[in-house]
Amino acid sequence: MPEPTHRLALHLLGPLRIWRAGRELTVGPPKQRAVLALLAGRRGTVVSRTQIVDALWGTDAPASAANAVHTYVAALRRTLEPDRGSRESGAFIVSRAGGYELRVPADAVDSAVFVRRYEEARHLVAAGDAPAAFARFESALGLWHGEALSGIPGPYAALERTRLRELRFAATEGWIAGLIATGHLDAAIVASSEAIAQEPLRERLRHLHMLALSRCGRQAHAIQAYDEARTLLREELGIDPGRELRELYERILAGETAAESPPATPAAPRADSPWPSVTPRPPSPSGSPWPSRPPRPAAAPRAPRSAPFRTYALKPAAHRPAPLLAARPEPPAPLPRRGPLAPHAGHTLHQLPATARVFIGREPELQQARQKLDQDTARCRSTAPILTVDGPAGVGKTAFALELAHEYADLFPDGQLYVDLRGTGDGGARSAFDALARLLQGLGVEHDQLPHDLEGRVTLYRTLVHGRRMLLLLDDASDADQLRPLVPPGPSAVIVTSRRLQRGLVAREGAQRIGLRPLDRQTAADLFVALLGPERCAGHRATVERLAEYCGRLPLGIRIAAGTLAANPHLCPRELAERYEDPWTRLDHLSVEGDGEASVRRALEASYLSLSPEAARLFRALGRSGAGTGGPADTIGPADATAFADGDPAAARRRLDALADVGLLERSGSDAYRFDELVGIYASERAAAADRPTARSTLLMRPIHDDGFPGCCLPDALARS
């Protein structure tokens, strides 16, 4: 089959973008983009359907994965060749036995061009042609415009992203070596400083930085750079610098580096990428779509097109080991810290909100949290201990976390950071990218200095907090993917609150977990009395306990009820209890007019809207049946839920766990669940709303979804109505 006549150009070295005949095309949803990225990364070879499924889903592939792959490929063909007939063979994506092949030349995929130019540069170094190698490294780095395969999901994309990052870092080292070899020492110092700020443990960058400093007459700074590297390696890894770095240090002390050439052959690449993203330019519609620069040995050096690094001072070494040689020069005194980590000179960061005005109980949970934090803080030096606090809506997770964080604040003298991740907010969860912006700005980074890609922000954030004892409170988290980029290195610590049980953090990061439940009857009543005042509650203890029960023993509900009494001095607890007696109107009373945050129904709704359509359907069915609401002995098990899960016990168990994970069911034993009273009332409301005639007319839009026919999906708002 001949090559396609219309040339394609695919950008993988950044957000996936594709051009055909000079016009950019819309690729489609993330999984469809992942299929194209896989075919482009393995261009010219047949990729089987099984390999595509593994690349997109790994071990979690759904039963419909093979059909989904067929759908994605068909959509890609329509995008690449809109004029192709439905039964005509594709020119770009060709069907082969058991799979597909993307037929484009090698120079149509920027990652392939980058790897080729990188290898060419290494061969030029080996041949002794330093100027040509320098230009080739520069042209290779100029192809980048962000994190490789940015936003592409799946195991293949993660592995390929890591491979390309490592090659990118190795090419940068070769380019910096070229700057030194051609005598552009100031540019080499700037470039290596910026790279070290992103990857402080990479010894080859330290070697290049020290060599450039010493060759331009800054021996004292070169020695200080070595001391910082040695201290960092000892603190982080428990090792001393490698032989090459130690030998360079001794040659600098002896004054023997003036005519020394830099190590020009790139070392084995590492995984992290130190570059911020820039906007790529579209490819030329004809000829090779990628820029190529001829060797320019006499020209002044410039940074590759993928934008310069931004530099931030590393933490000065707290102590310096004894000198290896007696003739060691005295290093310059460190400059006062400015910019990052010092938004106001002499002041420590204190971002924690105030604790609750009244905080009653939770002593067993607090003691358990203290033990976990103390043990992990003592054991972990390079890894930040993580404590997750989860529980149902309104149970007081944030108040608990703030009480604990303020108690431990003095143990983290470098500051306390706080971010509301809005996991249950109306506008959707705050992305890790935006959360990092808030953290970095809190650390003193100006808005116009923020890296433009997630990887750059993560690397800068970890660099700035490295070696410092800081406490980070991440409030209202949604999932582990949102949290992982925000976890700093040790010796800092992290407290996370979430309505959802963070299984991923517990399993992979070793996070410790504290699960909060509604208060016990006496403590709930004590909280009510403390909020309202003993005078208003005198002689009404039994009524106060009944009110606390009507509030689900939830601190949120109790605070709303106490606030209602405080706002109306003529209202007595007995009269308020009578209003709350009717379960069908109770949630109407447990809210504050004009304050969306002070509403038990609103809090439960946020948990409900986070469910999958299948789990939401089970929730409504359980609310309709009244199961699990009759007391401690009335429980729900997988057998009870199987009828609402198409007869699949395993699916029923998964959906029950999903409800329990967000606090809409309470686990009362092995394979046993029940409703808290207020959640049971809310489930009945949802079921009744779905059963009303007006709701039924809406449901006519989705009969095949509820009947289990494949291939039909609804907008979430309809699926959860």
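Only a predicted model underlies this, so the values are computations on that prediction, with no experimental measurement involved. (Residues numbered from 1 in each chain as written. Predicted model: local features only at pLDDT ≥ 70, side-chain atom pairs only at ≥ 80, totals over all residues. Heavy atoms only, no water.)

Explain the packing of helix α7 (residues 185–198) against helix α8 (residues 203–215) to me, and be specific about the residues and the numbers.
Between α7 and α8, the least distance of the axes is 9 Å, while the angle of their chain directions is 150 degrees. If you check the angle between α7 and α8, you find them roughly antiparallel. For α7 against α8, the interelement crossing comes out left-handed. Two secondary-structure elements touch here, α7 through L185, A188, I189, S192, S193, A195 and I196 and α8 through L205, R206, H209, A212, L213 and R215. When grouped by side-chain class, the residues that make up the contact of α7 with α8 number eight nonpolar, three polar and two charged. (Axes fitted to C-alpha atoms, helices over the stretch in contact; angles between N-to-C directions. Helix = DSSP H or I, 4+ residues; strand = E, 2+ residues; numbered from the N terminus. Parallel < 35°, antiparallel > 145°, perpendicular 65-115°, else oblique. Left-handed = near helix turned anticlockwise from the far one by under 90°. Contact = heavy atoms within 4.5 Å. Nonpolar A, V, L, I, M, F, W, Y, C, P; charged D, E, K, R; others polar.)

Hey, could you go over helix α3 (residues 65–80) for me, with residue numbers and the actual values?
For α3, with 16 residues, the first-to-last C-alpha span of 22 Å sits near the 22 Å given by 1.5 Å per residue. Residues A65, A68, V69, Y72, V73, A75, L76, R77 and L80 constitute the buried set of α3. (Expected span 1.5 Å × (residues − 1). Buried < 20%, exposed > 50% of the residue type's maximum accessible area, 1.4 Å probe, protein only.)

Kindly report on the environment of S192, identifying the contributing residues and their values.
Topologically, S192 is positioned in helix α7. A residue is classified by how much of its surface remains accessible, and S192, at 0% relative accessible area, is buried. S192 sits 14 residues away from R206 along the chain, and the two C-alpha atoms are 7.6 Å apart. Sequence-distant contacts of S192, that is, excluding residues within four places in its chain, are made with I176, L205 and H209. Polar side-chain contacts of S192 include one of 2.9 Å to the side chain of H209. (Polar contact = N/O pair within 3.5 Å; in protein donor to acceptor, adjacent residues only side chain to side chain.)

Please set out the sheet that holds strand β10 (residues 471–477) residue by residue, giving values where relevant.
One open sheet accounts for six strands, arranged β7-β9-β10-β11-β8-β12; its pairing is parallel. Looking at the sheet topology across the chains shown, the edges are occupied by β7 (349–350) and β12 (512–515). Relative to β10, strand β9 (residues 415–420) runs parallel, the two being bridged by five bridges. Among the inter-strand pairings, D420 is bridged to a residue of β10, identified as D475. (Pairing = 2+ DSSP bridges.)

So, the pairing of strand β14 (residues 595–599): which residues are in play, and what are the values?
Direction of pairing for strand β13 (residues 591–592) relative to β14: antiparallel, over a ladder of two bridges. Bridged to V592 within β14 is D595. Connecting the antiparallel pair β13 and β14 is a turn made up of two residues, with G594 showing a positive phi of about 85 degrees.

Tell me about the packing of helix α1 (residues 30–41) against α3, and name the residues and values.
One can describe the packing of α1 onto α3 by two numbers: an axis separation of 9 Å at closest approach and a directional angle of 75 degrees. In this view, α1 runs roughly perpendicular relative to α3, as classed from their interaxial angle. Within the contact between the two elements, α1 uses K31, Q32, V35 and L36 and α3 uses Y72, V73, A75 and L76. Of the residues contributing to the contact of α1 with α3, the split by class is six nonpolar, one polar and one charged.

If you had to explain the confidence of the model for the protein chain to someone new, which residues and values would you point to?
Considering every residue of the protein chain, the mean pLDDT works out to 80; 80% of them sit at 70 or more. Contacts for the low-pLDDT stretch residues 1–5, under 50 throughout, to residues beyond four places or in other chains number eleven contacts. (pLDDT = per-residue confidence, 0-100.)

So what's going on with empty space enclosed by the protein? Which residues, and what values?
Under the criterion given, the structure shown has seven cavities of 30 Å³ or more. In this structure, the largest cavity spans a volume of roughly 90 Å³. Along the walls of the largest cavity sit V358, F359, I360, R362, V395, G396, A399, F400, L519, L527, P555 and R559, which together make up its complete lining. Elements represented by at least two residues in the lining of the largest cavity include exactly α12 (397–408) and α20 (555–567). The residue inventory of the lining of the largest cavity, partitioned by class, reads nine nonpolar, one polar and two charged. (1 Å grid on protein atoms, 1.4 Å probe; cavity = no way out; pocket = protein on both sides within 12 Å on 5 of 7 lines; lining within 4 Å. Points joined across faces, edges and corners; volume = space filled by probe spheres on them.)

Go over the pairing of strand β6 (residues 99–102) with me, naming the residues and quoting the values.
Along β6, one buried face is formed by G99 and E101 and the opposite face, lined by Y100 and L102, is buried too. As paired strands, strand β4 (residues 47–48) and β6 are joined by two bridges and run antiparallel to one another. Paired with V47 across the bridge in β6 is Y100. Relative to β6, strand β5 (residues 93–96) runs antiparallel, the two being bridged by four bridges. The residue of β6 that forms the bridge with V94 is E101. In sequence, β5 turns back onto β6 through a hairpin of two residues, with G98 there showing a positive phi of about 80 degrees.

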